[in-house]
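Chain and residue survey
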Amino acid sequence: MIRIGNASGFYGDRLSAMREQLEGGELDVLTGDYLAELTMLILGRDRMKDSSLGYAKTFLRQMEDCLALALDKGVKIVVNAGGLNPEGLARKLGAKVGYVTGDDLKARFPEALTANAYLGAWEIAECLDQGAQVVVTGRVTDASLVVGPAAAHFGWARDDWHRLAGATVAGHVLECGTQATGGNYSFFTEIDVTRPGFPIAEVDEDGSCLITKHDGTGGAVNVDTVTAQLLYEIGAPEYLGPDVTTHFDTIRLDPHERGVRISGTRGSPPPGTLKVCLNTLGGFRNSTTFVLTGLDVQQKADLVRRQLHDAIGEEGLTWTLARTDQRDAATEEQASALLHVTIKTTDPKRAKGFSRAAIELALASYPGFHVTAPPGDGTPFGVYQAAYVNRDEVSAKAVLL
Amino acid sequence: MKRPLGTIAGARSGDKGGDANLGVWVRSDEAFEWLNGFLTTEKLKELLPEAREVSRYELPNLKALNFVLHGLLGDGVASSTRFDPQAKALGEWLRSREVEIPEELL
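Residues numbered from 1 in each chain as written. Chains lettered and ligands numbered in written order. Predicted model: local features only at pLDDT ≥ 70, side-chain atom pairs only at ≥ 80, totals over all residues. Heavy atoms only, no water.

Topic: the domain arrangement of chain A
All names here are of chain A. Assigned domains of chain A: these are domain 1 (2-271) and domain 2 (280-384). For domain 1 and domain 2, the distance between their C-alpha centroids amounts to 40 Å. At the interface, 7 residues of domain 1 touch 5 residues of domain 2. Buried surface at the junction of domain 1 and domain 2, summed over both partners, amounts to about 520 Å²; 69% is from carbon and sulfur atoms. Of all residues in domain 1, the largest losses of buried area upon contact with domain 2 belong to E37, L41 and R45, amounting jointly to 62% of the total for that side. Along the contact surface separating domain 1 from domain 2 lie 0 salt bridges. Our enumeration of links across domain 1 and domain 2 arrives at 0 residue pairs in polar contact (both at pLDDT 80 or more). (Domains from an automatic or database assignment. Contact = heavy atoms within 4.5 Å. Buried area = accessible area lost by both parts, 1.4 Å probe. Salt bridge = Lys/Arg side-chain N within 4 Å of Asp/Glu carboxyl O. Polar contact = N/O pair within 3.5 Å; in protein donor to acceptor, adjacent residues only side chain to side chain.)

A few points about the state of the cysteines
Residue and element names in this part refer to chain A. Per the counting criterion, the structure on display carries 0 disulfides over all chains. As a non-bridged cysteine, C209 has C176 as the owner of its nearest cysteine sulfur, 16 Å distant. With no disulfide partner, C277 has as its closest neighbouring cysteine sulfur the one in C176, 15 Å distant. (Disulfide = S-S within 2.5 Å.)

Quick word on the pairing of strand β4 (residues 97-101) of chain A
On any regular strand, side chains alternate: one points to one face of the sheet, the next to the other face. Residue and element names in this part refer to chain A. For β4, a buried count of 4 out of 5 residues is recorded, marking the element as mostly surrounded by other parts of the structure. Strand direction decides the pairing type here: β4 and strand β6 (residues 134-136), joined by 3 bridges, are parallel. Its bridge partner being in β6, Y99 is matched across the sheet by V136. Of the pairings in the sheet, the one linking β4 to strand β19 (residues 397-400) comprises 4 bridges and is antiparallel in character. In the strand pairing of β19, T101 is matched with K397. (Buried < 20%, exposed > 50% of the residue type's maximum accessible area, 1.4 Å probe, protein only. Helix = DSSP H or I, 4+ residues; strand = E, 2+ residues; numbered from the N terminus. Pairing = 2+ DSSP bridges.)

Concerning the sheet that holds strand β11 (residues 252-256) of chain A
All names here are of chain A. Pairing is mixed across the open sheet formed by 10 strands, whose spatial order is β11-β12-β8-β7-β1-β2-β3-β6-β4-β19. Looking at which strands have only one partner, the edges of the open sheet turn out to be β11 and β19. Across the sheet, the mean angle from the axis of one strand to that of its neighbour is 20°, orientation sign disregarded. Two strands pair when backbone bridges link them, and strand β2 (residues 29-32) and strand β3 (residues 76-79) are joined in this way by 4 bridges, in the parallel orientation. Bridge pairing links G32 to V79 in β3. (Axes fitted to C-alpha atoms, helices over the stretch in contact; angles between N-to-C directions.)

Overview of the side chain of T342 of chain A
By the secondary structure assignment, T342 of chain A is in strand β16 (residues 336-345). Exposure remark for T342 of chain A: the relative accessible area of 11% places this residue in the buried category. Those residues in contact with T342 of chain A that sit more than four places away from it in its chain are R285, N286, S287, G316, L317 and T318 of chain A together with T81 of chain B.

Examining the sheet that holds strand β4 (residues 53-59) of chain B
Residue and element names in this part refer to chain B. Taking strand neighbours across the sheet as the criterion, the 4 strands line up as β2-β3-β5-β4 in an open arrangement whose pairing is antiparallel. Each end of this open sheet is capped by a strand with a single partner; those strands are β2 (10-16) and β4. Across this sheet, the average inter-strand angle for adjacent strands is 15°, counted without regard to direction. For β2 and strand β3 (residues 19-25), the ladder comprises 7 bridges, and the chain directions are antiparallel. In the sheet register, R12 faces β3, and the bridge partner there is G23.

With respect to the nonpolar core
The biggest cluster of nonpolar side chains holds 68 residues, and the ones touching the most others in it are F109, W156, V203, I211, V226, L230 and I262 of chain A. Ignoring any residue separated from it by four or fewer positions in sequence, one finds I211 of chain A in contact with V173, L174, I200, A201, V221, V226, R258, G259, V260 and I262 of chain A. (Core = buried A, V, L, I, M, F, W, Y, C linked by side-chain atoms within 4.5 Å.)

Considering the interface of chain B and chain A
Chain B puts 33 residues into the contact, and the matching count from chain A is 36 residues. Here chain B meets chain A over a buried area of about 2,900 Å², counting both sides, of which 53% is carbon and sulfur. Considering only the surface of chain B that becomes buried against chain A, R12, W25 and R27 of chain B emerge as the three largest contributors, covering 26% of it. Linking chain B with chain A are 2 salt bridges, by the criterion used here. In this structure, D224 of chain A engages R27 of chain B in a salt bridge whose closest nitrogen and oxygen atoms are separated by 3.2 Å. Along the contact surface separating chain B from chain A lie 19 residue pairs in polar contact (both at pLDDT 80 or more). Among the secondary structure elements, those contributing two or more residues to the side of chain B that touches chain A are β2, β3, β4, β5 (64-70) and α3 (90-96) of chain B. In terms of residue count, β2 of chain B provides more of the side of chain B that touches chain A than any other element does, 7 residues in total. Residues belonging to the side of chain B that touches chain A are distributed by class as follows: 12 nonpolar, 12 polar and 9 charged. (Nonpolar A, V, L, I, M, F, W, Y, C, P; charged D, E, K, R; others polar.)

Comments concerning the packing of helix α7 (residues 161-174) of chain A against helix α8 (residues 223-230) of chain A
Residue and element names in this part refer to chain A. Viewed as axis vectors pointing N to C, α7 and α8 meet at an angle of 95°, and their least axial separation amounts to 8 Å. With respect to their mutual orientation, α7 and α8 come out roughly perpendicular. On the side of α7, the interface is formed by V169, H172 and V173, while α8 contributes V226, Q229 and L230. Residues belonging to the contact of α7 with α8 are distributed by class as follows: 4 nonpolar, 2 polar and no charged. (Parallel < 35°, antiparallel > 145°, perpendicular 65-115°, else oblique.)

Some words on the pairing of strand β7 (residues 199-203) of chain A
Residue and element names in this part refer to chain A. With 5 of 5 residues buried, β7 lies mostly within the body of the structure. Residues P199, A201 and V203 line one face of β7 and the alternating positions I200 and E202 line the opposite face, and both faces are buried. Note that β7 and strand β8 (residues 209-213) share 5 bridges and pair antiparallel. Bridging across to β8, A201 finds its partner in I211. Turn length for the β7-β8 hairpin, with the two strands adjacent in sequence and antiparallel, is 5 residues, and the turn residue G207 shows positive phi of about 90°.

Here's what the structure looks like:
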């Protein structure tokens, strides 16, 4: 059995989770997911400003705090915090570090701000086989962070489909951190979720696992919390990944005194293509929210809409009127509706001009004019697309420093 | 009797590019048998009128249904102008819709 913990479900997750997982009990490997589709865009913009960046900076802070502790306890660290620059991050860490590279396909998709293939588990396993204490990757599938260490530990073969599928399920449960332990859980009123602990998968040689968490931590691991996370961000029951196709309709969950046992998962060969996360710069956006209080809410909305169109034109504006107002209300807030407007435009000047146009209405519009927060200068926004490339067009590589 | 679906069902939702996914599960085999018959694609569209093209998948082993709401989020999270651009609360919206639930499941 190998104990694999998770200490991060996104770039911005609880900073102290790394220490909590290392100090809270026994572990063999500690993983962390830092990369969402949106995060790749954020890191892409970091990299535009400074080419030495492009990785998750919070992970570096966690390592400053915890690397010595992890080495001392013999816990290996496996994270995708490398983002767009795994080598740059790897070179900042004082340990035997391996990194995974080859996911960057910007040369193949030059029009994109970021273009990264979802790599799998085997380069992570290779780094660990070569003795890495820390492995940092760029874009790998979230589940690979768990599959890689399990495959290395047990010496699985690349066609051990059922084992790989079992570990993929463990990885899917872990990848969003506390969403497996009672965070964002429909039946939250039944448990104490004030400060949920981070999840751990005790993976067995056959790929089955026990989902648990350290003693004394908050939240809960039960069949319902695990079910909730299994349903997160999935499509058809055939869950396609770079290592294996995992059949979610074969997963079996059983309650256990320390959490939930997962078994029975079947796997089959993965597709011949790899998914690519593409982010392109779509333009600039800006938004504001007008508060419409009391009488004539619809007419107030019509007026401000007419005025803003008159000032900057209708193109690229999206309006929604939320009728949160109640009749004859006892508080001003309950008497108010919210009119949201967003502009999306390729012209940064127009995104900025939107703010001035909205604020210039302040003394010239509907009675009771105010906004929830003044609009800013506007920000660039990305457009996400998935693309697919043949496996042989991607050369993933494990590098040991 | 008419009660919020969330009285007996849990849900979790999120984004995959411009699509949203919405998983719904219940806690007994009897409840799943009812849910599976009740929550068709048509019924989901009726409860969430914003839904357009919907794929529906059954996961009886998890007592769950998974829906993919295609195109709900436009060009993806960073670009979406939808209230709740990542569809995080789509599931909680569905749970709050009042539906006819058999008395014995309550």
